[in-house]
Amino acid sequence: MRTHVLAALHAALPGLPNEVAARVEVTPTRDPAHGDMATNAAMVAAKQAGRKPAELAASIAQALNAAGVAEASVAGPGFINLRLAPATLRAQVPVILEAQEAYGDSFVGQGVHVNVEYVSANPTGPMHIGHCRGAVVGDALSNLLAKAGYAVTKEYYINDAGAQVAALAWAAYWRYLQAIGTALTEDDFAAIVPGGLQYRGDYLVPVGNALAAEHGRSLAGEDATPAAPSVWLDTVRDTTIATMLDSIREDLAALGVVQDVFTSERALLEGGAADRAIAALRAKDLIYEGVLEPPKGRTPEDWEPRPQTLFRATQYGDDVDRPLQKSDGSNTYFANDIAYHADKAARGAAVMIDVWGADHGGYVQRMKAAVRALSDGRDTLDVVLCQIVHVLRGGQPVRMSKRAGSFVTLRDLIDEVGRDAVRFTMLTRKPDAQMEFDLDLAVAKTRENPVFYVQYAHARCRSLFRRAAEHVPAERLGEEALAQAELGLLTAEPELALLRRLVAWPRTVEAAALAREPHRIAFFLYDLAADLHMMYNRGNDDAALRIIQDPPSDAMLPRLALVAATASVIRSGFRVLGVTPVEEMR
RNA sequence: GGACCCGUAGCUCAGCUGGAUAGAGCGCUGCCCUCCGAAGGCAGAGGCCGAAGGUUCGAAUCCUUUCGGGUCCGCCA
């Protein structure tokens, strides 16, 4: 289309400079009254040409109409509106019916290998609601990118190294001692734990029991007293992490999330990845020993200047250089994370996308800096930050306390409102806006609830076919038969509006993928559902516009073709979101 | 003190990367079923896009400043 416009522009204005032509855009309109597409060609070129935009637009439109591509008209300050001939729109129906859920698949990704890392909850306990949004956003984003033609790897990073994991092992060990009948009280035990006893939730009780069943009393000292950590720590830690990870995988599966790669931080570090990554940066002269300034305005009590090993993050747009080693000489988490991203790059990810919680916002710049530094700018890291989710019940915030009565786990959430509602609802906000998750709304059967509304549209489509089968032989209702229908009979405005929406699906997929915004898919489906409901309801006002007619009218099969195409695109969108379409409402 | 995110209808939020008269849902007013699923649809009222400057043919969108709300700020991962 754009080439046609440029041709017309050049016809009207010979000798137009290329830099002006480059600014010509042909974009879909916001308002259907303005046609299907519009171009700014006249306004962009007017100044250079020394002519009035409206006048120039008129001559361009004339050229376009003469070319016969579409109906062109001048509007507003000099826009040229282009209305596709209805026949062009209708011709897409067989295309959709043939492609089915593959409609909207795109090649914009050009097969570029993208690694999407999400969830990555520490394996120290069951998943809670805080993890849920990232899990859904990451998963839907992965599906979206795959549909847009990227080669996607879904990845989970297991933080199984460091102090937290040791604390977890101690907590599990306590449950083990209990299982074999220790005489110690919890306070007695807590007193000997380095850093104090954490993770006191009873979800570790089964782990303790399992350890007792497998190892008997061999991990403990006399009379079920604590043994030296060298006796038990590695065993308990590995067992506990494995158990926690299994539990997390189950939770993810319940949410419909299945990831391709689980990378262990511990395994990476034991393979020397951190040292290699730091050495690589050092070779680029990006590492030095230095002393950081204290944060302004809010200096910690125990602040004292101290020489540290620093990465020159400021050379890549960060605010300050970032430490790679703690004062005891061990690596910071950042150093380990650099190693992890180097590993992802080495595995072929030219584009990395990390889905993080809002509390990691201050971490984005340094990580991007590191990725660029490691690859000399070839690889890129995009970070999708998911803001906090507030859960509401009866209009009141649900307290996230661990006391019984107010749930905190992901599993509880899924059990209460269902997987599809959780997923869709989490995607009805852009990730970087805070959101409220209204438990009552998520299961409501009204238009307020987008999940319901879109599901209803799909069910309605299916229902129409069940009704149609009562009047028309089944062989005329298949995709191939419908593609042959007399589509020229689709002339009513609600039908054409629905058609225009369906045709917008491919570019919606592309735009959402490029922006890394899966929520746009959810909004598209909502709009599509509205168009379907509107077309359907028009039949209530005017019997001639009903889809199912008895006896069958000529327009019935073309309308059913449109309905089938709609259902297909809804399924296509649901597949991206990870939502299961329903055949009927109950 | 600094960094990042968000301020759009009374409420909850979109706004397709700079386009035309800023859109949905809820709530409010009034309509549409002797049934193609009313679990829906139509119409109306409701806005200085937090504020002020700037960039240009054109700004909710980009830049600067500013005011609210949220996240966070060297040895936590």
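Up top you'll find the structure we're talking about.
Description of the structure in this document.

Quick look at the overall build of chain A
For chain A, the count of helices and strands is 24 helices and 15 strands. The proportion of buried residues among the 586 residues of chain A is 48%. Here the analysis covers contacts within chain A between residues at least 6 apart in sequence; of these, 72% occur between residues at least 24 apart. Just so you have it, chain A exposes about 27200 Å², and 50% of that area is on carbon and sulfur atoms.

With respect to helix H19 (residues 450-468)
With 19 residues, H19 should reach 27 Å at 1.5 Å per residue; the first-to-last C-alpha distance of 27 Å fits that figure. Counted residue by residue, H19 has 14 buried out of 19 residues, so it is predominantly covered.

Some points on the sheet that holds strand S13 (residues 389-393)
Strand order in this open sheet of three strands is S14-S13-S15, and the pairing throughout is mixed. Because the sheet does not close on itself, it has two edges, and the strands there are strand S14 (396-397) and strand S15 (435-438). When S13 meets S14, the two strands line up antiparallel, connected through two bridges. Among the inter-strand pairings, Leu 392 is bridged to a residue of S14, identified as Pro 397.

A word on the packing of aromatic side chains
Summed over the entire model, instances satisfying the criterion amount to 16 aromatic pairs. With centroids separated by 5.0 Å and ring planes inclined at 25 degrees, the aromatic side chains of Trp 174 and Phe 189 adopt a geometry described as stacked. Residue Trp 174 is located in helix H8 (residues 163-179), and its partner Phe 189 is located in helix H9 (residues 186-192); the two are separated by 15 residues in the primary sequence. Per residue, the accessibility class of Trp 174 equals that of Phe 189, and both read buried.

Some words on the sheet that holds strand S8 (residues 287-291)
In space, the three strands of this open sheet follow the order S8-S9-S10, with antiparallel pairing throughout. Taken across any chain shown, the strands that pair with only one partner, and hence form the sheet edges, are S8 and strand S10 (322-323). The sheet contact formed by strand S9 (residues 307-311) and S10 spans two bridges and is antiparallel. Its bridge partner lying in S10, Phe 311 is registered against Arg 322.

Quick notes on unusual backbone geometry
Omega for the bond connecting Asp 550 with Pro 551 falls within 30 degrees of zero, at 5 degrees, which places this linkage in the cis form. Tracing the sequence through the fold places Pro 551 in the loop between helix H23 (519-541) and helix H24 (556-577). Backbone geometry places Val 119, a non-glycine residue, at a positive phi of 70 degrees.

Here's the deal with the protein's contact with RNA strand B
In the vicinity of RNA strand B, 71 residues are found, and the nearest of them are Lys 326, Ser 327, Tyr 453, Arg 460 and Tyr 536. A breakdown of the atoms of RNA strand B within 4 Å of the protein gives sugar and phosphate a share of 59%. Here Ala 161 contributes a backbone N or O atom positioned 3.5 Å from a sugar or linking oxygen of RNA strand B. Here a base nitrogen of RNA strand B sits 2.4 Å away from a polar atom, N or O, in the main chain of Tyr 536. Only helix H3 (41-49), strand S4 (79-83), H19, helix H22 (505-515) and H23 provide two or more residues apiece to the surface near RNA strand B. With eleven residues, H23 is the single largest residue contributor to the surface near RNA strand B. Here the residues of the surface near RNA strand B are counted per class, giving 25 nonpolar, 20 polar and 26 charged.

Structural notes on the nonpolar core
Core analysis: the largest hydrophobic core is formed by 99 residues, its most contacted members being Leu 255, Phe 424, Met 426, Leu 525, Leu 560 and Leu 577. It is H24 that provides the largest number of residues to this core, a total of 14 residues. Each residue touching Leu 560, except ones within four places of it in the same chain, is listed here: Leu 464, Phe 465, Ala 468, Leu 477, Leu 482, Ile 547 and Ile 548. With 30 residues, the next largest nonpolar core counts Ala 277, Ile 338, Tyr 363 and Met 367 among its residues.

Comments concerning the environment of Asp 432
Looking at the secondary structure, you find Asp 432 in the loop between helix H17 (419-426) and S15. Distance from Asp 432 to Glu 265, taken between C-alpha atoms, is 27 Å for residues 167 residues apart in sequence. When residues no more than four places from it in sequence are discounted, the contact partners of Asp 432 are Leu 385 and Gln 387.

Notes on the pattern of salt bridges
Applying the stated criterion across every chain, the model contains 25 salt bridges. Across the pair Arg 200 and Glu 186 runs a salt bridge, and its minimum N-O distance is 2.7 Å. Of this pair, Arg 200 sits in the loop between H9 and helix H10 (205-215) while Glu 186 is found in helix H9, placing the two residues 14 residues apart along the sequence. Residue class for Arg 200 comes out partly exposed when judged on its relative accessible area of 42%. Given the relative accessible area of 28%, Glu 186 is considered partly exposed.

Some thoughts on the packing of helix H16 (residues 410-417) against H17
Look at H16 against H17: their axes get within 6 Å of each other, and the N-to-C directions meet at 105 degrees. What the angle tells us is that H16 and H17 run roughly perpendicular. For the pair H16 and H17, the contacting residues are Leu 413, Ile 414 and Val 417 in the first and Arg 419, Ala 421, Val 422 and Met 426 in the second. Considering only residue class, the contact of H16 with H17 consists of six nonpolar, no polar and one charged.

With respect to the pairing of S4
Two elements, strand S2 (residues 37-39) and S4, share three bridges in a ladder whose sense is antiparallel. In the strand pairing of S4, Thr 39 is matched with Ile 80. Here strand S3 (residues 71-75) runs beside S4; their pairing, made up of five bridges, is antiparallel. Bridging across to S4, Ser 73 finds its partner in Asn 81.

Here we look at the side chain of Glu 265
Relative to the assigned elements, Glu 265 resides in helix H12 (residues 265-270). Among buried charged residues, Glu 265 stands out as having no salt bridge; its nearest opposite-charge side chain is Arg 266, 8.2 Å away. A polar side-chain atom of Glu 265 sits 3.2 Å from a polar atom in the side chain of Asn 336. Setting aside residues up to four positions removed in sequence, Glu 265 forms contacts with Tyr 157, Ile 158, Asn 159, Asp 160, Ala 161, Tyr 333 and Asn 336.

Cut-off values and rules
- Residues numbered from 1 in each chain as written.
- Chains lettered and ligands numbered in written order.
- Predicted model: local features only at pLDDT ≥ 70, side-chain atom pairs only at ≥ 80, totals over all residues.
- Heavy atoms only, no water.
- Helix = DSSP H or I, 4+ residues; strand = E, 2+ residues; numbered from the N terminus.
- Buried < 20%, exposed > 50% of the residue type's maximum accessible area, 1.4 Å probe, protein only.
- Contact = heavy atoms within 4.5 Å.
- Areas by Shrake-Rupley, 256 points an atom, 1.4 Å probe, with all protein chains shown as cover.
- Expected span 1.5 Å × (residues − 1).
- Pairing = 2+ DSSP bridges.
- Phe/Tyr/Trp six-rings, centres within 6.5 Å; stacked < 30°, edge-to-face > 60°.
- Near = heavy atom within 4 Å.
- Polar contact = N/O pair within 3.5 Å; in protein donor to acceptor, adjacent residues only side chain to side chain.
- Nonpolar A, V, L, I, M, F, W, Y, C, P; charged D, E, K, R; others polar.
- Core = buried A, V, L, I, M, F, W, Y, C linked by side-chain atoms within 4.5 Å.
- Salt bridge = Lys/Arg side-chain N within 4 Å of Asp/Glu carboxyl O.
- Axes fitted to C-alpha atoms, helices over the stretch in contact; angles between N-to-C directions.
- Parallel < 35°, antiparallel > 145°, perpendicular 65-115°, else oblique.
- Lys, Arg positive; Asp, Glu negative; His and termini not counted.

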